[in-house]
Amino acid sequence: MSATHRALVTNAKTWTTPSALPFVRQAGRTELIEQSHQRCAALGLTRIERPDFEPLMRSDLSVARERNQRLFTHAAPVMEMLFEQIVNTESMIVLADAQGTILHSVGDDKFLERAGKVALSPGVSWAEHSKGTNAIGTALFEESPTVVHGGEHFIHANSFLTCSAAPIFDPRGNMLGVLDVTGDQRSYHQHTMGLVRMSARMIENQWLSDDFGNRLRLHLHSRVEFIGTLLEGIIVVGADGKILGANRSALDQLDMSSAALRMQSLTSLFGTTVPAMFDHLRAPLSTPMCLSLSNGRQFYVKARFNGTPRSMMAGLGGDEPASQAVTAREAVPVDANPPRHPADAAAAPPSAFSGLHYLKTGDMRIEAMVQKVQRVLNRDIPLLILGETGTGKELLARAVHQDSNRSRQAFVAVNCASIPESLIEAELFGYEDGAFTGARRKGACGRIVQANGGTLFLDEIGDMPLALQARLLRVLQERCVMPLGSQKSIPVDIAVIGATHRNLREMIEAGTFREDLYYRLNGLVVRLPALRERSDLGVVARRILLTECPHGTPEISPHVSALFSRYAWPGNIRQLANVLRTAAVMAAGAPQITEHHLSDDFLEDVQRVRSSIPAAAPAITTPAASMPLDVPAPASVDRPAEPTVVAPPAETAYDGTSSLTLGEAEIEMIRAALAAANGNISIASKRLGISRNTIYRKLRWGKGG
């Protein structure tokens, strides 16, 4: 054995290790190669003699491929994408199974020929016991990404190669196989290993989504901007809150092994529950939650779920038998902390209901609207949603999609007001390669094709250019779309939901909206009431707080509740959510949200509105048509002691001085906010809870009227 060690030391001196290898500790890497060489020598391999290069028999290779068909299905498109990055570099991409047998390879033809001379081809085992030290076999043994370069290969015949391999694991930590890029050692590049690791993670994430598509998945990272990238961690949670699996990025970030993580639950790991996560998932204007580990480390977390609507609302996987579902639901400790607030009963998620049921918060107008929508669900009747900015039009559209038989397909939202007029046509209909200057290589399919089989939500459709309306009408009639620069129509099957804050009938009379498109879109027209017209402000506010603070949810003090009820909420639910989000952060664990926790600009706006109301105006007995801005009409409806008070219709203005349309009232409110902000549009937009673009657009529209 000592002779073997002397030979290994001698051989080690001949390794051609590149200085640019992506390893921080070169000494540790040298030790890894030495240990691999020692294993090979102990197995009886020699560096000079040529081992058996006989591949598996055709039938055995077919069996191996069939056994790993799922791995190949996930890996093949990733390999093709990776090959596009390294084409013409004298390289090849190799997929091997957990035993080291090569299943599939793609690469430059000339290099594939050279690789074939050392049996780097499908059906051949490249495990260490067969081919000595090499990236595939050594990565399998070490269970970590490995680079083997030039003379580091145990067998001299392979020393012209440079190999970068990364193992592929399933969400439970089991080895699935290895992805490898092999090339001529003279063409080594330090970015190769990064590409291989990225590609392996893509395969792992696809496997996780395939395994747990009907489960709650938490996408997390310590930096919020990395959520949605390949660097994000993904944790799968069962109906009872237990951790079922995770991707490698999650294990790295949490600094835990797969087995250790699967012994945790959502409560023990992050101190929250499954119902709280589902409530956050369904909430309007949902933003990533900030959750902490027991050691204080914070992560931003976004919940995702692809199950059926009913199973999503119940917090269960769609493929579980009913008996198991009930057991799992009972296992969730939802009754351990009873509601502290009367509104919690309405704000907390019921055990099983639909997305539309979630919108019911006790307001009679919302109740009637939901009932209308439920009657036309899955009847191929277009839906047109009207309402002021921030009233929750997209939330309603998503709820309709979730409850429809299209819920497993895409929901594609397009804001017609936010896309420049010069680009909206390409965005909607797609385009071919070279259709216009600046077009992407290979073109783009467009939002309509993306929504095929699902739902296309056209928000602010009243802002769509007139010329484009004709093309959209043709798509809705013919159910085919033709991308820009193409002569071929693509058939599409979509449900269309439109939404706008404009008066489309007035636009038709003015010639700025097509009448035929209007009648194509308005199968059922529903109007979402403004927040000031609703009687469920307390429940809506409570629900938003439960989303922002799933554990330790603060109360709203009576003084702040009274202040909220007197305010007009020009930005509606969006503005309320922004105000409460800021207040929840400022409260920082306090039991109640008080006036001190509210932002200064909101309080100034409240004070400005108060000062504009005549002191002698009796708010309770004032007729609805002349109510001041901060008196909530719905709160007075149905009170027996005040029979003369009626909720104002949607078209009634709130300024008490003239009979304005809703659009005119909005413009007047914006002008008043601008005047109070001394013409500063940024300040006015914050106070109103709407974007600067919306202010510009509404004022431009007001001048045009």
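Residues numbered from 1 in each chain as written. Predicted model: local features only at pLDDT ≥ 70, side-chain atom pairs only at ≥ 80, totals over all residues. Heavy atoms only, no water.

(A) Quick peek at the overall build of the chain. The helix and strand inventory of the chain stands at 31 helices and 19 strands. Counting over 705 residues, the chain shows a buried share of 51%. Within the chain, contacts between residues separated by at least 24 positions form 65% of all contacts whose residues are at least 6 apart in sequence. (Helix = DSSP H or I, 4+ residues; strand = E, 2+ residues; numbered from the N terminus. Buried < 20%, exposed > 50% of the residue type's maximum accessible area, 1.4 Å probe, protein only. Contact = heavy atoms within 4.5 Å.)

(B) The sheet that holds strand E16 (residues 495–500), seen in detail. Ordered by their spatial adjacency, five strands build an open sheet running E12-E13-E16-E11-E17, and the pairing between neighbours is parallel. Where the open sheet ends on each side, the last strands, each with one partner, are strand E12 (411–415) and strand E17 (524–527). Between one strand axis and the next, the sheet turns through 20 degrees on average, direction left out of account. In the sheet, strand E13 (residues 455–459) pairs with E16 via four bridges, with the strands oriented parallel. Within E16, the position partnered with Phe 457 by the bridge is Ile 497. (Pairing = 2+ DSSP bridges. Axes fitted to C-alpha atoms, helices over the stretch in contact; angles between N-to-C directions.)

(C) Representation of the pairing of strand E5 (residues 175–184) within the structure. A large share of E5 lies buried, amounting to nine of its 10 residues. Two elements, strand E1 (residues 91–97) and E5, share seven bridges in a ladder whose sense is antiparallel. Within E5, the residue paired with Met 92 across the bridge is Thr 182. Pairing geometry for strand E4 (residues 161–169) and E5, over nine bridges, is antiparallel.

(D) Representation of the nonpolar core within the structure. Core analysis: the largest hydrophobic core is formed by 31 residues, its most contacted members being Leu 428, Ile 448, Leu 456 and Leu 458. Broken down by secondary-structure element, the contributors of at least two residues to this core are strand E11 (383–386), E12, helix H19 (421–429), helix H20 (447–450), E13, helix H21 (466–478), helix H22 (504–510) and helix H23 (515–521). The greatest single-element share of this core, amounting to five residues, is contributed by H21. Ala 541, Ile 556, Ala 584 and Phe 602 belong to the second-largest nonpolar core, a separate cluster that totals 25 residues. (Core = buried A, V, L, I, M, F, W, Y, C linked by side-chain atoms within 4.5 Å.)

(E) Fine view of empty space enclosed by the protein. Throughout the structure, instances matching the rule amount to five cavities of 30 Å³ or more. Here the second largest cavity defines a volume of roughly 70 Å³. Lining the second largest cavity are 10 residues, with Pro 570, Asp 605, Arg 608, Val 609 and Met 669 sitting closest to its centre. For the lining of the second largest cavity, the leading source of residues is helix H27 (residues 600–611), giving three residues. (1 Å grid on protein atoms, 1.4 Å probe; cavity = no way out; pocket = protein on both sides within 12 Å on 5 of 7 lines; lining within 4 Å. Points joined across faces, edges and corners; volume = space filled by probe spheres on them.)

(F) Representation of the packing of helix H4 (residues 69–86) against helix H8 (residues 192–211) within the structure. As a packed pair, H4 and H8 sit with axes 10 Å apart at the nearest point and diverge in direction by 150 degrees. If you check the angle between H4 and H8, you find them roughly antiparallel. Seen from above, H4 lies across H8 with right-handed handedness. Across the interface between the two elements, Arg 70, Leu 71, His 74, Ala 75, Val 78, Met 81, Leu 82, Gln 85 and Ile 86 from H4 touch Leu 195, Ser 199, Met 202, Ile 203, Gln 206, Trp 207, Asp 210 and Asp 211 from H8. (Parallel < 35°, antiparallel > 145°, perpendicular 65-115°, else oblique. Left-handed = near helix turned anticlockwise from the far one by under 90°.)

(G) The arrangement of the packing of aromatic side chains in detail. Evaluated as defined, the whole model comprises eight aromatic pairs. With centroids separated by 5.2 Å and ring planes inclined at 75 degrees, the aromatic side chains of Tyr 518 and Tyr 519 adopt a geometry described as edge-to-face. Here Tyr 518 falls in the buried class, since its relative accessible area comes to 7%. A residue is classified by how much of its surface remains accessible, and Tyr 519, at 47% relative accessible area, is partly exposed. Ring geometry for Phe 564 against Phe 602: centres 6.0 Å apart, planes inclined by 80 degrees, an arrangement best described as edge-to-face. Placement of the pair is Phe 564 in helix H25 (residues 558–566) and Phe 602 in helix H27, with a sequence separation of 38 residues. Judged by relative accessible area, which is 3%, Phe 564 ranks as buried. (Phe/Tyr/Trp six-rings, centres within 6.5 Å; stacked < 30°, edge-to-face > 60°.)

(H) Focus on the pattern of salt bridges. One pass over the structure, following the stated rule, counts 23 salt bridges. Close ionic contact of Arg 502 with Asp 463 constitutes a salt bridge, the shortest N to O distance being 2.9 Å. Of this pair, Arg 502 sits in the loop between E16 and H22 while Asp 463 sits in the loop between E13 and H21, placing them 39 residues apart in sequence. Beyond isolated ion pairs, a larger network of salt bridges with shared partners links Arg 70, Arg 172, Asp 210 and Asp 211. (Salt bridge = Lys/Arg side-chain N within 4 Å of Asp/Glu carboxyl O.)

(I) Fine view of the sheet that holds strand E9 (residues 289–292). Ordered in space as E8-E7-E6-E10-E9, the five strands form an open sheet in which the pairing is antiparallel. Strand pairing shows two members of the sheet lacking a second neighbour, strand E8 (243–246) and E9, which therefore form its edges. On average, adjacent strands in this sheet sit at an angle of 35 degrees to one another, irrespective of strand direction. In this sheet, strand E7 (residues 233–237) lies alongside strand E6 (residues 216–221) in antiparallel orientation, the contact comprising five bridges.

(J) Local environment of helix H17 (residues 364–376). Between its terminal C-alpha atoms H17 stretches 19 Å, which fits the 18 Å expected from 13 residues at 1.5 Å a residue. Among the residues of H17, those classed as buried are Ile 366, Met 369, Val 370, Val 373 and Val 376. What you see down the axis of H17 is that its buried residues fit within an arc of 125 degrees, all on one side. Exposed residues pointing more than 90 degrees away from the buried face of H17 are listed as Met 364 and Arg 375. Contacts from the buried residues of H17 go to helix H16 (355–358), E11, helix H18 (393–403) and E17. Two to three positions downstream of the cap, the backbone nitrogen of Arg 365 sits 3.0 Å from a side-chain oxygen, assigning the N-cap of H17 to Asp 363. (Expected span 1.5 Å × (residues − 1). Arc of directions from axis to C-beta. Polar contact = N/O pair within 3.5 Å; in protein donor to acceptor, adjacent residues only side chain to side chain.)

(K) Region of the structure containing the pairing of strand E10 (residues 298–304). Residues Phe 299, Val 301 and Ala 303 point to one face of E10 and are all buried, whereas Gln 298, Tyr 300, Lys 302 and Arg 304, pointing to the other face, are not buried. Note: E6 against E10, five bridges, orientation antiparallel. Residue pairing for E10: His 221 is matched across the bridge by Tyr 300. If you look at the hairpin formed by E9 and E10, you'll find five residues sitting between the two strands, and Gly 296 has a positive phi there, around 95 degrees.

(L) Up close: the environment of His 357. For His 357, the location among the structural elements is in helix H16. Overall, His 357 belongs to the partly exposed group, its relative accessible area being 35%. In this structure, the C-alpha to C-alpha distance between His 357 and Asp 403, residues 46 residues apart in sequence, is 9.6 Å.

None of this, on its own, says anything about what the molecule does.
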